[in-house]
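Secondary and tertiary structure notes
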Amino acid sequence: MLDVAVARARILENLSSCGSETVSLAAACGRVLAQPLTANLSNPPVSVSSMDGYAARAEDALVGATLRVVGEAPAGHPSPLTVGPGECLRVFTGSQIPAGADCIVIQENVRQDGTLATLQAAGRLNQFIRHQGQDFTAGQTLLPAGKTLSARDIGLAAAAGHIWLPVARRPRVGILATGDEIILPGEPAKPDSIVNSGAFMVSAYLNSIGAEAILLPVARDNAASLSASIAHAAHLDLLVTIGGASVGTYDLVQQTLKDHGLSLDFWKIAMRPGKPLMSGKLGNTPMIGLPGNPVAAMVCSLVFVAPAVRALMGQHIGTELETEAAILGADVGENDQRQDFMRCTLSLHAEKGLPVVTPFPSQDSAQLNILAQSHALLVRAPFAPAEKTGSACRMIRLP
Ligand SMILES: Nc1nc2c(c(=O)[nH]1)N[C@H]1C(S)=C(S)[C@@H](COP(=O)(O)OP(=O)(O)OC[C@H]3O[C@@H](n4cnc5c(N)ncnc54)[C@H](O)[C@@H]3O)O[C@H]1N2
Ligand code: MOO
């Protein structure tokens, strides 16, 4: 059985960006930027006032000074005048600073009488002036390629003069569930029917991280049905199968895919849940075979499929799984040869300020109710010794 980190590295080493497309600014939120974003404009584009008041020369702006108001410059209407000695210009928040002025005296500190303004407080050099390019300058690189764009990034891109953004194409991930017992939610159920929770859960998750998940027809446990579903795999960037991965007589996924040209890279990893994971290439299409137990399918999606989707979006993904420090909230026994991913709740350690992870007593990989109630997965190394409540441990948060 392959080590989890090795399996992850093997999946990632065969993947590269599936290309980019241009989308409008608002549609780019949550997408992955395909090229570095360079500012077309400076922000602010010119030096502007940050307050409503009077633009003056700091050397004239003394307490008690009376200055001549030579004009007015609302935001968007810059004045052609130059502020000379003993002069000031009425300005507002966002007004361009007129030539000659180097400070703003806020209107609360000025008494204007006709064209004369008497200052009740002094103005300091550069006070209340936002200088041209103070935020960023034209030509500056603002965002790196590979960044998942937040609403804040969209605001930044807009301010920098962009209407369209180049983003990674959403990788098309085909989800192929298998099994004679599998039905769709709402379909008439036989006593032993199992609802296709795996495909819905995995596709919802992959869509949430930027993929376009496509539910392929559920394949029955026979080669003809599997072949018919596999025939729809053209145009995919990644094929993900669920179930039929293990060693049972009706676990036909691997053999049928091989009959269609699958070159298998690996099968079976030292992971719980997730032991029968497989990976390879069907022609040019990367393929990941998830175990049928829905918790195993979801945990393997977190550990392997999500990084694969991110690599297809051009993001740099470390082969090592990123884990967080935590404290054990219950005793755990000695681990066997499989790296363990145990469903846990999280709370906060009052003194240490660290998260406390408490594993559920049952870790059966068919129990979706426990998965839904979990906040994190406690990650235990192969052959980890028994550990007591309060020991240091590592965990990953669940999305
Ligand atoms: N003799 C052995 N038996 C099993 C082994 C083993 O090493 N030796 N491994 C076990 C492990 S670990 C897992 S995980 C499962 C995975 O097997 P498969 O990938 O072949 O999965 P299936 O047999 O098709 O299904 C397992 C289980 O999950 C249900 N299922 C399947 N697909 C879905 C779906 N899309 N949504 C919801 N539930 C699904 C299915 O009805 C089964 O109950 O094998 C162990 N056995
Ligand atoms: O992958 Mo399995 O879930 O270890 O039972």
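About the criteria used
- Residues numbered from 1 in each chain as written.
- Chains lettered and ligands numbered in written order.
- Predicted model: local features only at pLDDT ≥ 70, side-chain atom pairs only at ≥ 80, totals over all residues.
- Heavy atoms only, no water.
- Near = heavy atom within 4 Å.
- Polar contact = N/O pair within 3.5 Å; in protein donor to acceptor, adjacent residues only side chain to side chain.
- Nonpolar A, V, L, I, M, F, W, Y, C, P; charged D, E, K, R; others polar.
- Areas by Shrake-Rupley, 256 points an atom, 1.4 Å probe, with all protein chains shown as cover.
- Phe/Tyr/Trp six-rings, centres within 6.5 Å; stacked < 30°, edge-to-face > 60°.
- Lys NZ or Arg CZ within 6 Å of the ring centre and 35° of its normal.

Taken together, P273, G274, K275, P276, N293, A296, R338 and S365 make up all the residues around ligand 2. A distance of 3.1 Å separates an oxygen atom of ligand 2 from a polar backbone atom of K275. Contacts to ligand 2 include S365, whose side-chain N or O atom sits 2.6 Å from an oxygen atom. Classifying every residue of the shell around ligand 2 gives 3 nonpolar, 3 polar and 2 charged.

The subject of this paragraph is the site of ligand 1. Lining the immediate environment of ligand 1, one finds 22 residues, of which E181, N196, A245, S246 and K275 sit closest. One of the side-chain N or O atoms of N196 is found 2.8 Å from a nitrogen atom in ligand 1. Measuring from an oxygen atom of ligand 1, one finds a backbone N or O atom of N293 at 3.3 Å. The fraction of the free accessible surface of ligand 1 (860 Å²) that becomes covered by protein chains is 70%.

Here the structure, examined in full by the defined rule, presents 0 aromatic pairs. Cation over ring: R90 sits above Y54, and NZ or CZ is 5.0 Å from the ring centre. Of note, K268 hangs over the ring of W267, and the distance from its end group to the ring centre comes to 4.4 Å.

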